[in-house]
Amino acid sequence: MKVDERIICVATLNIDYTAKVSMTSLFFKRLATRHASNSLEVKNSGLELYLGEKVLAYLDTEELRSKWKTLYQSCSWATSCQHPDFVLSWYKLYMQAFLPVAVIARNKDGELIGLLTLALTKDGRRLVGAGEVQAEYQCWLETEHGDRTFMTLAIRMLRAQFPGIDLVLRYLPPDTPVGWFADDPELHWRCVLISHRCPLLKIDVDAAHAQLKKKYVRRNCSLLEKYGKLRFERITDPAEFSNLFNEICNQYDVRQGATYGVTPFFSDPLKKPFHIELHKQGLLHATVLRAGERIAASHCGLISKEHTLHLGIPSHSPFLSSHSPGSLHLMMLQTQMAQEGLKFLDLTPGGNRFKEHLATAHDVVFELRVHDAMRARWSNEALVFGRRFLKNHMEKIGIDPIAARATLRNVAEIRTLGFRGMAERARQAPIFSAGVYRYSEKKTGVKTYPLSISRDSLADLIRFDFYGSAVMRQKFLSTAMDRLERSKHFYTYRENETLLICCWIDEKTAQATCHAARRNSVSSENAIALFDLYVHRSVRKKQLVQSFIGQMLSELKMRPNGDNIYLIAPRSRDLRKIIEECGFGNASAAG
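Residues numbered from 1 in each chain as written. Predicted model: local features only at pLDDT ≥ 70, side-chain atom pairs only at ≥ 80, totals over all residues. Heavy atoms only, no water.

Which parts of the structure should I look at to understand the side chain of Lys355?
For Lys355, the location among the structural elements is in helix α14 (residues 353-358). One buried charged residue, Lys355, remains without a salt bridge, the closest side chain of opposite sign being Glu136 at 6.0 Å. (Helix = DSSP H or I, 4+ residues; strand = E, 2+ residues; numbered from the N terminus. Buried < 20%, exposed > 50% of the residue type's maximum accessible area, 1.4 Å probe, protein only. Lys, Arg positive; Asp, Glu negative; His and termini not counted. Salt bridge = Lys/Arg side-chain N within 4 Å of Asp/Glu carboxyl O.)

Put into structure tokens, the structure is as follows:
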């Protein structure tokens, strides 16, 4: 890359930035002092380094945005994660958790010829690509006519400014140049490339149409149409998308929690407004499949250079899972993509059977790690080798790596609880066998107060607190998903973003449910069975539980079979007293 010798490095740190950060971010104050003393000028490099609010002050101008977009369009390997609207939106929202860092190269005419946008993590241990986990691909932008020295010079500048800190870019998009450090003696041992397979689905509209004509697909469409007319829609209006996105996030979080034990949107309150902003900027491609007024399935993903759609946030309603709305939506999405001229659905890196089943081709992408010390490189390589070795051998002996990771998360939750927490959890665990109780309005002996409860609220399920239960988060959510797929329903009550009470309802197979708990207890098939009553351990007032049960009963009595309600619950003395005051008595005695 040819550079102007008159341009020197500008290493700047805006100290005022740290003053605006929350007091929980005192780390950034220490960071400001440390890096201000370590600032370095690299003459004749043509590079400029900006930190903190200086990044936004310099890049978020009309002139620089225009030059940035020009560089983005000319860079063949760039993805939407390097688009100025993506990067700047992320910087603005996440500045309290990350310190923005940007390395910029300009030619003698002032044109932008190189750009690397990064962020320093709050713990001060790593430099990551702007967007961090929100950016599937992390790389730099560079003109095609350069001599590929931009990254070499940028890394040297970053090492001087951030000694002892590693740089991690995950993942480099396909076709990103990676040979620039091979002949550099200093960088050769510092830079490590870790390869990953990236599955791709090449859009074939004829194949998509053929799939939609298959018998099982037409049958699922007919079943979904019982809930209302099926409509596949591309959502382009920002206001409409904002209204729909809450439900999409809830569907996605419940599925992720049941499968992996994580709830991305609930755990990160900034993730939702960030995606809403991306849609407003035109970077997020959003589609939904409706069954009547319900969102049966949806997908939200980034578009790169108007030819590739990246798999982002696929969701489907767990209440309709038996009709495979997610698969149906994906078939319709391919047809929509063909109409819009999109050629590839990038299924993104990461071992997943679902992705491999869909893939028609594969790319190879890399994770780039630049280590400050040889010891860090050896440690990382050992960790990568160990993970791949374990994954390969687990697959050979029939162990699902995803299930194994979920088990490790459960172990982490146990460690978080500590000895006292585990002892309390053991005390909360049910030790009594289940009994079946029948409701009689004549036996109600307690006054309850109106309570705002919800029916079938996924948002409430996500707010399950494993500290207040005898089960782990993933187990709770995976059990919930299984029940919803079998047409079970539930009532919930929450306060202060915490699920306090939950109870499940079986209206279709109530007789079988009750018989499973206690044989010969239900003589009528026309019944409603309540089961698995969960109460957070922080709830001390029995009147709250009774009011919840009372409110639930007042709604169920209005439904078909509402005169025949049963409750399956452990035969504990405390719980039995609570439910007896609500009107429940021994089912066999009642019969």
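Now that the structure has been shown, we can carry on.
It is not clear to me how the side chain of Thr348 should be interpreted in this structure. Could you clarify?
As for its placement among the helices and strands, Thr348 is situated in the loop between β14 (344-346) and α14. We classify Thr348 as buried; its relative accessible area is 4%. Side-chain polar atoms of Thr348 contact the side chain of Lys355, separated by 2.8 Å. Excluding its chain neighbours within four sequence positions, the residues that come into contact with Thr348 are Glu136, Tyr137, Cys198, Pro199, Leu311 and Lys355. (Polar contact = N/O pair within 3.5 Å; in protein donor to acceptor, adjacent residues only side chain to side chain. Contact = heavy atoms within 4.5 Å.)

I keep staring at the packing of helix α10 (residues 238-260) against helix α12 (residues 271-280) and nothing clicks. Help me out?
Any two packed helices are characterised by the angle at which their axes cross and by the distance between the axes. Running from N to C, α10 and α12 cross one another at 145°; their axes reach a closest spacing of 10 Å. Considering how the two elements wind past one another, α10 and α12 form a crossing that is right-handed. Residues Pro238, Phe241, Ser242, Phe245, Asn246 and Cys249 of α10 touch α12, and the partners they reach there are Lys272, His275, Ile276, His279 and Lys280. Split into classes, the residues belonging to the contact of α10 with α12 amount to five nonpolar, four polar and two charged. (Axes fitted to C-alpha atoms, helices over the stretch in contact; angles between N-to-C directions. Left-handed = near helix turned anticlockwise from the far one by under 90°. Nonpolar A, V, L, I, M, F, W, Y, C, P; charged D, E, K, R; others polar.)

Just checking my understanding: could you explain the packing of aromatic side chains for this structure?
Aromatic rings considered in pairs are described by the distance between their centres and by the relative angle of their planes. Counted under the stated rule, the structure contains 17 aromatic pairs. Ring centres 5.5 Å apart and planes at 90° place the aromatic pair Phe245 and Phe265 in the edge-to-face group. Of this pair, Phe245 sits in helix α10 while Phe265 is found in helix α11 (residues 264-267), placing the two residues 20 residues apart along the sequence. Phe265 matches Phe245 in its accessibility class, with the two residues each being buried. An aromatic cluster is defined as three or more aromatic residues linked by ring pairs; in this entry it consists of Phe86, Trp90, Tyr91, Tyr94, Phe98 and Phe274. Here the basic side chain of Lys271 rests over the ring of Phe265, its NZ or CZ set 5.4 Å away from the ring centre. A cation over an aromatic ring shows up here: Lys305 above the ring of Tyr72, its NZ or CZ 5.2 Å from the ring centre. (Phe/Tyr/Trp six-rings, centres within 6.5 Å; stacked < 30°, edge-to-face > 60°. Lys NZ or Arg CZ within 6 Å of the ring centre and 35° of its normal.)

Just checking my understanding: could you explain the environment of Arg455 for this structure?
Mapping Arg455 onto the fold places it in strand β17 (residues 454-455). Here the alpha-carbon distance between Arg455 and Tyr491, two residues 36 residues apart in the chain, equals 4.5 Å. Those residues within four positions of Arg455 in sequence are excluded, and the remaining contacts are His489, Phe490, Tyr491, Ile505, Glu507, Leu556 and Arg559. Polar contacts involving the side chain of Arg455 include one to the side chain of Glu507, which spans 3.0 Å.

Mind showing me how you'd approach the pattern of salt bridges here?
Note that side chains of opposite charge can pair when their charged atoms are close. Enumeration over the complete set of coordinates arrives at 29 salt bridges. Close ionic contact of Lys280 with Glu277 constitutes a salt bridge, the shortest N to O distance being 3.9 Å. Within this pair, Lys280 and its partner Glu277 are both found in helix α12, separated by three residues, close to a single helical turn. What makes Lys280 exposed here is its relative accessible area of 53%.

What's the story with the environment of Phe232 in this structure? I'm lost.
Mapped onto the secondary structure, Phe232 falls in strand β9 (residues 230-234). Along the backbone, Phe232 and His329 are 97 residues apart, and their C-alpha atoms lie at a distance of 7.7 Å. Ignoring sequence-local partners within four residues, the contact set of Phe232 consists of Thr287, Val288, Leu289, His329, Met332, Leu333 and Gln336.

Looking at this model, I keep getting lost on the pairing of strand β5 (residues 126-129). Mind explaining?
Moving residue by residue along a regular strand, the side chains alternate between the two faces of the sheet. As defined by bridge partners, strand β4 (residues 112-121) adjoins β5 across three bridges and the pair is classed as antiparallel. Across the sheet, Ala119 pairs through a bridge with Val128, a residue of β5. In terms of strand pairing, β5 meets strand β7 (residues 166-172) through three bridges, oriented parallel. Directly across from Leu127, in β7, lies its bridge partner Leu167. (Pairing = 2+ DSSP bridges.)

Sorry, what's going on with the sheet that holds strand β20 (residues 528-535) here?
Backbone-to-backbone hydrogen bonds join strands into a sheet, with any given pair of strands oriented parallel or antiparallel. The sheet built from seven strands is open, its strands ordered β17-β18-β19-β20-β21-β16-β22 with mixed pairing. In this open sheet, the two strands that pair with only one neighbour each are β17 and β22 (584-586). In this structure, β17 lies alongside strand β18 (residues 489-495), joined through two bridges in antiparallel fashion. What sits directly across from Ser454, in β18, is Thr492.

Geometric descriptors of this kind do not, in isolation, establish any biological role.
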